[in-house]
Amino acid sequence: MGEIRESVLKQQLQKEMDEAKKLESRGKGKQAAVHYQNAANIYRRLAYIAPRDYAETFFSSASQYENLGNTLKTTTPYTRAESTEMIETMIISERPKIKWEEIGGLEEVKSTIKEAIVLPFINNKPDFVEAPKAILLYGPPGTGKTLLAKAATNTLEATFFEARTSTLLSKYFGESSKIISMLFSKAKEKQPSVIFMDEFDSIMVSRDRDLNESTRRVVGQLLQEIEGFASKVEDKIILIAATNKPWDLDDAMISRFQRKIYVPLPDQEARKAIIEIHIKGVTLEGITINSLSERTEGFSGRDIANLCREAVMTMIREKNPKLEELTSGQIEKYTMSYRPLKEKDFKKAFEKIRPSVEPDSIKKYSEWGKQMGM
Ligand SMILES: Nc1ncnc2c1ncn2[C@@H]1O[C@H](COP(=O)(O)OP(=O)(O)OP(=O)(O)O)[C@@H](O)[C@H]1O
Ligand SMILES: [Mg+2]
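To keep things clear, this report deals only with the structure shown in the data block. Quantities reported herein were computed from a predicted structural model and do not represent experimental measurements. (Residues numbered from 1 in each chain as written. Chains lettered and ligands numbered in written order. Predicted model: local features only at pLDDT ≥ 70, side-chain atom pairs only at ≥ 80, totals over all residues. Heavy atoms only, no water.)

**What about a nonpolar patch on the surface?**
Okay, so step 1: Taken together, the side chains of Tyr48, Ile49 and Phe59 present a nonpolar region at the surface, about 320 Å² in accessible area.
Okay, so step 2: Within the secondary structure layout, Phe59 lies in helix α3 (residues 52–74).
Okay, so step 3: By relative accessible area, Phe59 is classed as partly exposed at 37%. (Patch = residues over 30% accessible without salt bridge, like charges linked within 9 Å, V, L, I, M, F, W, Y side chains within 5 Å. Areas by Shrake-Rupley, 256 points an atom, 1.4 Å probe, with all protein chains shown as cover. Salt bridge = Lys/Arg side-chain N within 4 Å of Asp/Glu carboxyl O. Helix = DSSP H or I, 4+ residues; strand = E, 2+ residues; numbered from the N terminus. Buried < 20%, exposed > 50% of the residue type's maximum accessible area, 1.4 Å probe, protein only.)

Below, the structure is given as structure tokens:
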């Protein structure tokens, strides 16, 4: 008797779950919620008739689907038009203006990227030439990953999608995977395309335990999409992702990237190049780029940019002490005074700007790289 009842309930459960998932995948969250809550009720009934060992699992499934139902109910999914609009905003019609020359150092990284991004777009190439479709840039914060990705897209005559991970991770349960699949089909429609996903690690992280399910689905969808275009030579789509927390990515995701490129902290030569870029147009007096490059050991490109900015502003404040008192009528006519940058400007700047990357964390990157066989 009990067994028959149990099997009937399980059948009903299956029906409710199938229906819920089907509706949810079509973005009909509110309707899906009803079926998830029916499923929760069935789980609860199963729990009452099940042996003790199983009861607990059934109860926990019941509350899981109850919660899922509640979440779906209280969030209003985007309409199709809204989702389409969202994808449209990811298409950057104005190309990023970053040029390769504006990125100091990283010569090897730059040529690897330059080479990697042209290969998939060459039609006539022998079969044995591997053309990476997915490239992962990883390394400490502020080392130029975003700059590199932008310069890369600047080189190509392609439609450029900047897919913000925060946009992809829609706060509405169940919407993210839909947005991802729309993004990739748009990229296919508009190919050749480059999809840039910055802060890629955040796609794997669930801030909320309830969102685990959603995160898993997003990752699954993304894996499937990458697999889709990566295996088709004729699809002229490449994905460039950047992260400073590569260890947060799961193995299946990492394996989809045929090229993983480490973007390190700048060495002294690179620091020289970066300083030159950031004090372009400024004269130095009694101080050299060489000495500055020696004193900035451990600084990231971003730290160096901040340091130079701070030194310039120290000089500007000294030469223009009344700057903040200018009235709106005076601003337009005001001529700014300046002088060459001196040691005292940098001394002040060094007091304010310290290296932002912990030396210990550098080890973490190389260990991760080794683990990945790089
Ligand atoms: N190699 C570099 N040459 C010139 N400027 C650089 C370089 N690296 C970093 N910078 C400066 O630092 C800023 C931040 O760089 P970028 O956004 O590319 O860092 P990131 O590696 O993407 O950092 P995060 O991991 O925090 O996203 C740039 O806008 C630029 O001013
Ligand atoms: Mg970045």
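**Observations regarding the pairing of strand β5 (residues 237–243)**
Okay, so step 1: Here β5 lies mainly inside the structure; 7 of its 7 residues are buried.
Okay, so step 2: The alternating pattern of β5 places Ile237, Leu239, Ala241 and Thr243 and Ile238, Ile240 and Ala242 on opposite faces, both of which are buried.
Okay, so step 3: Here strand β2 (residues 134–138) runs beside β5; their pairing, made up of 5 bridges, is parallel. Residue pairing for β5: Ala134 is matched across the bridge by Leu239. (Pairing = 2+ DSSP bridges.)

**So, unusual backbone geometry**
Okay, so step 1: With omega at 5°, the peptide bond leading from Gln191 into Pro192 counts as cis.
Okay, so step 2: Looking at where Pro192 falls in the secondary structure, it is placed in the loop between α8 (176–189) and β4 (193–197).
Okay, so step 3: Positive phi values are uncommon outside glycine, yet Leu106 reaches one of about 50°.
Okay, so step 4: As for its position among the elements, Leu106 is in the loop between β1 (91–92) and α5 (107–118).
Okay, so step 5: Leu106 sits in the buried class, given a relative accessible area of 15%.

**Section: the packing of α5 against helix α6 (residues 145–155)**
Okay, so step 1: Viewed as axis vectors pointing N to C, α5 and α6 meet at an angle of 40°, and their least axial separation amounts to 10 Å. Comparing the axis directions of α5 and α6 gives the class oblique. Handedness of the crossing formed by α5 with α6: right-handed. Within the contact between the two elements, α5 uses Val109, Lys110, Ile113 and Ile117 and α6 uses Leu148, Ala152 and Thr155. (Axes fitted to C-alpha atoms, helices over the stretch in contact; angles between N-to-C directions. Parallel < 35°, antiparallel > 145°, perpendicular 65-115°, else oblique. Left-handed = near helix turned anticlockwise from the far one by under 90°. Contact = heavy atoms within 4.5 Å.)

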